[in-house]
Amino acid sequence: MFELYLDTADLGQISRFAACLPVHGITTNPSILAGSGIGLAELLPKVAEILGDKAVIHVQVVGEDADAMVREALHLQELPYRIVVKVPVTEIGLIAIKRMKTRNIPVLATAIYSVQQGFLAALCGADYLAPYVNRIDAMGANGTGVVADLQSLLDRHRLVGKLLPASFKNTQQVLEVLKAGVGAITLPPGIAAELFAHPAVQPAVNRFTQDWQAVFGRKLSFES
């Protein structure tokens, strides 16, 4: 099943999109939480209230060595929420991912900038892999190409990790990663809104309304 996430800790935006889209959960990172000024103790119950108790919340560890990351992950798993632990794909991060998976902790390997990096994280057992599409583009490489190549390797070697691309600047990037067959995606609110915003839509809706009211006034369809 495809999983749609919002890359935000903004409760207003989470409520907005939960009303119109099948939001599976949210992704966060230390910068998102720091920028929102909201800690997990406040965020988690409010997200569960908005999205329901089955919502999946991705939370990144901030420990600086593998032991600290694993301890942090264990504490996160004790909380009464469906938390996936985010771990940056560094050498230390890969050590932590391997240890977490021996304890059956769900893991998202994050800060992926290359196919090789993502493939190694998948080999270590990561459940989700988050390539940074636009950040890869900003470095002069091809973000959507990295996603497509990584998805191809996962399929070829039958690895269980699910791609969850992040970091988008425009909807074309979103379309390209969806075409690559990814199993999940996380979108900032602005990009999520652009997916259903088109300059031709509102004029068309306005014309429908004008034509209807010219004949039927304020009657609803079933009253005509």
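Presented here is a report on the structure given in the accompanying data block. (Residues numbered from 1 in each chain as written. Predicted model: local features only at pLDDT ≥ 70, side-chain atom pairs only at ≥ 80, totals over all residues. Heavy atoms only, no water.)

It is worth spelling out the overall build of the protein at this point. Counting its regular elements, the protein contains 11 helices and 8 strands. Over its C-alpha atoms, taken along the principal directions, the protein stretches across nearly 70 × 40 × 30 Å. Within the protein, the proportion of its 224 residues that are buried is 42%. Sequence-distant contacts in the protein: of pairs separated by 6 or more residues, those separated by 24 or more amount to 55%. When the accessible area of the protein is evaluated, it comes to approximately 11,900 Å², of which 55% is carbon and sulfur surface. Charge-centre separation for the protein: the mean point of 19 positive side chains lies 5 Å from the mean point of 20 negative side chains. (Helix = DSSP H or I, 4+ residues; strand = E, 2+ residues; numbered from the N terminus. Buried < 20%, exposed > 50% of the residue type's maximum accessible area, 1.4 Å probe, protein only. Contact = heavy atoms within 4.5 Å. Areas by Shrake-Rupley, 256 points an atom, 1.4 Å probe, with all protein chains shown as cover. Lys, Arg positive; Asp, Glu negative; His and termini not counted. Charge placed at Lys NZ, Arg CZ, Asp CG, Glu CD.)

Taken together, the 8 strands give an open sheet; going across it, the order is β7-β6-β5-β4-β3-β2-β1-β8, and neighbouring strands pair in parallel fashion. On the outer flanks of this sheet lie β7 (162-163) and β8 (184-187), each paired with one strand and no other. Bridge analysis of strand β2 (residues 23-27) against strand β3 (residues 56-60) gives 3 bridges, and the strand direction is parallel. Each bridged residue has a counterpart across the sheet, and for T27 the counterpart in β3 is H58. (Pairing = 2+ DSSP bridges.)

Attention now goes to the packing of helix α6 (residues 115-123) against helix α8 (residues 143-157). Between α6 and α8, whose axes approach to 9 Å, the crossing angle comes to 35°. In terms of crossing hand, the pair formed by α6 and α8 is right-handed. Contacts between α6 and α8 involve V115, G118, F119 and A122 from the former and V146, D149, L150, L153, L154 and H157 from the latter. Taken together, the residues that form the contact of α6 with α8 break down as 7 nonpolar, 2 polar and 1 charged. (Axes fitted to C-alpha atoms, helices over the stretch in contact; angles between N-to-C directions. Left-handed = near helix turned anticlockwise from the far one by under 90°. Nonpolar A, V, L, I, M, F, W, Y, C, P; charged D, E, K, R; others polar.)

This structure, assessed with the given rule, holds 6 salt bridges. A salt bridge links K101 to D127, with the nearest nitrogen and oxygen atoms 2.8 Å apart. Linking K101 in helix α5 (residues 91-102) with D127 in the loop between α6 and β6 (128-131), this pair joins segments that are 26 residues apart in sequence. Ionic pairing is found between R207 and D211, a salt bridge with its closest N-O pair at 2.9 Å. Placement of both R207 and D211 in helix α11 (residues 201-216) is noted, with a separation of 4 residues, approximately one turn of the helix. (Salt bridge = Lys/Arg side-chain N within 4 Å of Asp/Glu carboxyl O.)

We now examine the layout of surface pockets. Within this model, the largest pocket holds a volume of roughly 220 Å³. For the lining of the largest pocket, the elements supplying multiple residues, two or more each, are α2 (30-36) and β5 (107-112). The element best represented in the lining of the largest pocket is α2, accounting for 3 residues. (1 Å grid on protein atoms, 1.4 Å probe; cavity = no way out; pocket = protein on both sides within 12 Å on 5 of 7 lines; lining within 4 Å. Points joined across faces, edges and corners; volume = space filled by probe spheres on them.)

Let's shift gears to the side chain of K86. Here K86 lies in strand β4 (residues 82-88). Within the buried core, K86 has no salt-bridge partner, and the shortest N-O distance to an opposite charge, that of D7, equals 5.2 Å. For K86, the residues in contact, after removing those within four places along its chain, are T28, N29, H58, V59, Q60, V61, L108 and T110.

Within a regular beta strand, the side chains point alternately toward one face of the sheet and then the other, so they alternate between its two faces. Here β5 lies mainly inside the structure; 5 of its 6 residues are buried. Bridge count for β4 against β5 is 4 bridges, and the pairing is parallel. Residue P88 lies in a different strand from β5, and its bridge partner there is T110. Regarding the hand of the β-α-β motif, the stretch spanning β4, α5 and β5 is right-handed. Of the strand pairs in this sheet, β5 and β6 are connected by 3 bridges, and their pairing is parallel. Bridge pairing in β6 places A109 opposite L129. Running through α6, the crossover from β5 to the neighbouring parallel element β6 is right-handed. (Right-handed = clockwise from strand over helix to strand, strands pointing away.)

Our next topic: the side chain of Q151. Locating Q151 in the fold gives a position in helix α8. Residue classification places Q151 among the buried residues on the basis of a relative accessible area of 8%. With sequence-adjacent residues up to four places away left out, Q151 is seen in contact with L163, A180, G181 and V182.

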